[in-house]
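Survey of secondary and tertiary structure
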Amino acid sequence: MFKHFWLALSILTSLAAITFVLPLTSPAHAQGGAPEVLVLTLDGPLTPTMGEYLSRGIRAAEQRDAELIVLQLNTPGGSVDLMNAIVQEMRASTVPIVVYVSPRGAMAGSAGTIITLAGHAAAMAPETAIGAASPVDQQGQDLGETIAAKQKNIMKALVRSLAEGRGSEAITLAEQTIDNAQAASASEALNVGMVDFIANDPRDLLTQLDGFKVTTASGDRILDTKSAVLTPFNSTFIEQVLGTLTDPNIVFLLLTIGVQAILIEISSPGGWIAGFIGVVSLALATYGLGILPVNWFGLIFLATAFVLFILDIKAPTHGALTIAGVLSLIAGALILFNSPGTPQFQRVSVPLVVGTSLATAAIFFTIVSFGLRAQRVPIRTGQESLIGRSGYARSEIKPNAPGTVQLGGELWTAETEDGDEAIPEGSRVLVIRAQGIRLYVRKI
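Only a predicted model underlies this, so the values are computations on that prediction, with no experimental measurement involved. (Residues numbered from 1 in each chain as written. Predicted model: local features only at pLDDT ≥ 70, side-chain atom pairs only at ≥ 80, totals over all residues. Heavy atoms only, no water.)

1. A closer look at the overall build of the chain
The secondary structure content of the chain amounts to 14 helices and 16 strands. Counting only residues that meet the buried cut, the chain has 42% of its 444 residues in that class. (Helix = DSSP H or I, 4+ residues; strand = E, 2+ residues; numbered from the N terminus. Buried < 20%, exposed > 50% of the residue type's maximum accessible area, 1.4 Å probe, protein only.)

What follows is the structure, given as structure tokens:
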């Protein structure tokens, strides 16, 4: 089992390394000598994977001597620590970064507001929004008064430094997004100078950016983007996989699948596929749980649910423990992901939890049913399988004088069970008991 497991794990690791490295070896320049603009996309709640993707994109842009990075942003926010790391990466870039809040309907919420200000230039698509940057804790709840004051003052100092060249109105609005969770539309942000452009699409953005002056870590620069080539910078397969783990629905499914696969491996040892699937699923789920704002108390209910399912298999209680397991599984998932204060976009789907719990219960109930049915089926191997079978006497069986009987296609030596009544040849007989290779029968 372990040999196959480590072989599969090594293959998976090798493929992951190849998938991660290949994008770094892509062509260095756009065709025709035109300036190259790398387009990066951050879509969804901020995660460490997004930070790694942005760092990789900045390195690639510097290696390619790209003219510009367009960072398309659509996020409801994320942790302050991760936001600070992203801001530091952006400000240290020698390639200009333009943060573009898009597409229509997108938002740069919470931490996304400060990331937008961290760009060397900022733009928004029509019908987008920016703001609501008041800090909250990991569960999405308000911070205590003292901690909130500290966090707000630090963030306000940061936005003042980032928006220093944008004017007093821009600084005031940026501070209001932190103090009062104020938000602004694209036109409102443009009017106060919080962003530089409103662009319908990336090509429109490049047209407006042509000749625009920015200041990067390497000094002032005049952008030449009129004839630039837009090059999407795609995330790797591993980054895409890890990105899906910010979805609580995926994490919940991985937890359920992982535990079931491990239980299958334990109940039927010797294979490796179920065990491998279980280990990988639980490892990915653990990664997701480390990112999402979860209430760890819910894991107790989840563990209790699977214990109840197992007990119902080992000591069948006609489904009572399975029903209790379903209720425990539903409660555990909702406590884990949907505790009060958890942002709506990081909550698990209640219908998914109920449906998955019922499906899991159905699987375990089916196993219990097969187990009960197997207990009621007569034993069909060994001497015990002969008891109760009927056959024919092939020769006369007298008391203390064994004869032969035929059971199916087999001949057996047999004695009379009563011991005082002969059984004529050709009579139907019933096997009462078996001892060694001799049967004891009576006439029927």
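2. Points about the packing of aromatic side chains
In this structure the tally under the stated criterion is 3 aromatic pairs. Relative to F212, the ring of F197 lies with its centre 5.1 Å away and its plane at 70°, an arrangement referred to as edge-to-face. Linking F197 in strand β8 (residues 197-198) with F212 in the loop between α8 (202-209) and β9 (213-216), this pair joins segments that are 15 residues apart in sequence. With a relative accessible area of 24%, F212 lands in the partly exposed category. The ring of Y440 carries R433 above its face, with NZ or CZ at 3.8 Å from the centroid. (Phe/Tyr/Trp six-rings, centres within 6.5 Å; stacked < 30°, edge-to-face > 60°. Lys NZ or Arg CZ within 6 Å of the ring centre and 35° of its normal.)

3. A word on the sheet that holds strand β11 (residues 229-232)
Taken together, 6 strands build an open sheet; the order of strands is β8-β5-β3-β2-β1-β11 and the sheet is parallel. Among the strands making up the open sheet, the edge pair consists of β8 and β11. Inspection of the sheet shows strand β1 (residues 36-43) paired to β11 by 4 bridges, in the parallel sense. By the bridge assignment, V37 is partnered in β11 with L230. (Pairing = 2+ DSSP bridges.)

4. Digging into the pattern of salt bridges
Under the definition given, this model contains 9 salt bridges. We note a salt bridge from K156 to D179, for which the minimum N-O separation is 3.0 Å. Placement of the pair is K156 in helix α5 (residues 145-162) and D179 in helix α6 (residues 168-179), with a sequence separation of 23 residues. Judged by its relative accessible area of 29%, D179 is partly exposed. With a closest N to O distance of 3.0 Å, D196 and R166 form a salt bridge. (Salt bridge = Lys/Arg side-chain N within 4 Å of Asp/Glu carboxyl O.)

5. Structural notes on the packing of helix α2 (residues 48-64) against helix α3 (residues 80-91)
In a pair of packed helices, the angle between the axes and the distance between the axes together describe the arrangement. With their axes 10 Å apart at the nearest point, α2 and α3 run at an angle of 5° to one another. Between α2 and α3, the angle is such that the two are roughly parallel. Contact residues: α2 offers P48, G51, L54, S55 and I58, while α3 offers L82, I86, E89 and M90. The residue inventory of the contact of α2 with α3, partitioned by class, reads 6 nonpolar, 2 polar and 1 charged. (Axes fitted to C-alpha atoms, helices over the stretch in contact; angles between N-to-C directions. Parallel < 35°, antiparallel > 145°, perpendicular 65-115°, else oblique. Contact = heavy atoms within 4.5 Å. Nonpolar A, V, L, I, M, F, W, Y, C, P; charged D, E, K, R; others polar.)

6. Here's the deal with unusual backbone geometry
Geometrically, the link from S102 to P103 is a cis peptide bond, its omega value of 0° lying close to zero. Locating P103 in the fold gives a position in the loop between β3 (97-101) and β4 (107-109). Even without being glycine, D65 reaches a positive phi, approximately 55°. The residue D65 is located in the loop between α2 and β2 (68-74) in this model. We note that A181 has phi near 55°; this positive angle belongs to a residue other than glycine. By secondary structure assignment, the location of A181 is in the loop between α6 and β7 (183-185). Residue classification places A181 among the partly exposed residues on the basis of a relative accessible area of 36%.

7. Examining the nonpolar core
L40, L71, M90, I115 and M194 are the most contacted members of the largest nonpolar core, which has 50 residues in total. Once you skip the residues sitting within four places of it in the chain, M194 turns out to touch T113, L117, A122, I130, R166, A170, L173, A174, T177 and A189. Membership of the second largest hydrophobic core comes to 23 residues, among which are F252, V326, L329 and F364. (Core = buried A, V, L, I, M, F, W, Y, C linked by side-chain atoms within 4.5 Å.)

8. Points about a nonpolar patch on the surface
A cluster of nonpolar residues, I257, I273 and I277, forms a patch on the protein surface that exposes about 270 Å² of accessible area. Looking at the secondary structure, you find I277 in helix α11 (residues 273-291). (Patch = residues over 30% accessible without salt bridge, like charges linked within 9 Å, V, L, I, M, F, W, Y side chains within 5 Å. Areas by Shrake-Rupley, 256 points an atom, 1.4 Å probe, with all protein chains shown as cover.)

9. Thoughts on the confidence of the model for the chain
Of the residues in the chain, 81% reach a pLDDT of 70 or more, and the chain-wide mean stands at 83. When the criterion is pLDDT under 50, residues 1-30 qualifies, and its contacts beyond four places in sequence or with other chains add up to 30 contacts. Throughout residues 137-144 the model reports pLDDT below 50, and contacts reaching past four residues in sequence, or to other chains, amount to 20 contacts. (pLDDT = per-residue confidence, 0-100.)

10. Quick look at α3
The first and last C-alpha atoms of α3 sit 16 Å apart over 12 residues, in line with the 16 Å expected at 1.5 Å per residue. L82, M83, I86, V87 and M90 are the residues of α3 that are buried. Angular distribution of buried residues about the axis of α3 spans 135°; they occupy a single face of the element. Turned more than 90 degrees away from the buried face of α3 sit D81 and Q88, all of them exposed. (Expected span 1.5 Å × (residues − 1). Arc of directions from axis to C-beta.)

11. Some details on the sheet that holds β4
Sheet strands associate in pairs through backbone hydrogen bonding, adopting either a parallel or an antiparallel arrangement. Taken together, the 3 strands give an open sheet; going across it, the order is β4-β6-β7, and neighbouring strands pair in mixed fashion. In the strand order of this sheet, the two ends are held by β4 and β7, each with one partner. The sheet shows a mean angle of 15° between the axes of neighbouring strands, taken without regard to direction. When β4 meets strand β6 (residues 129-131), the two strands line up parallel, connected through 3 bridges. Considered in β6, the bridge of A108 is made with I130. Of the strands in this sheet, β4 and β6 touch helix α4 (residues 111-118), which is tilted by about 105° from β4.

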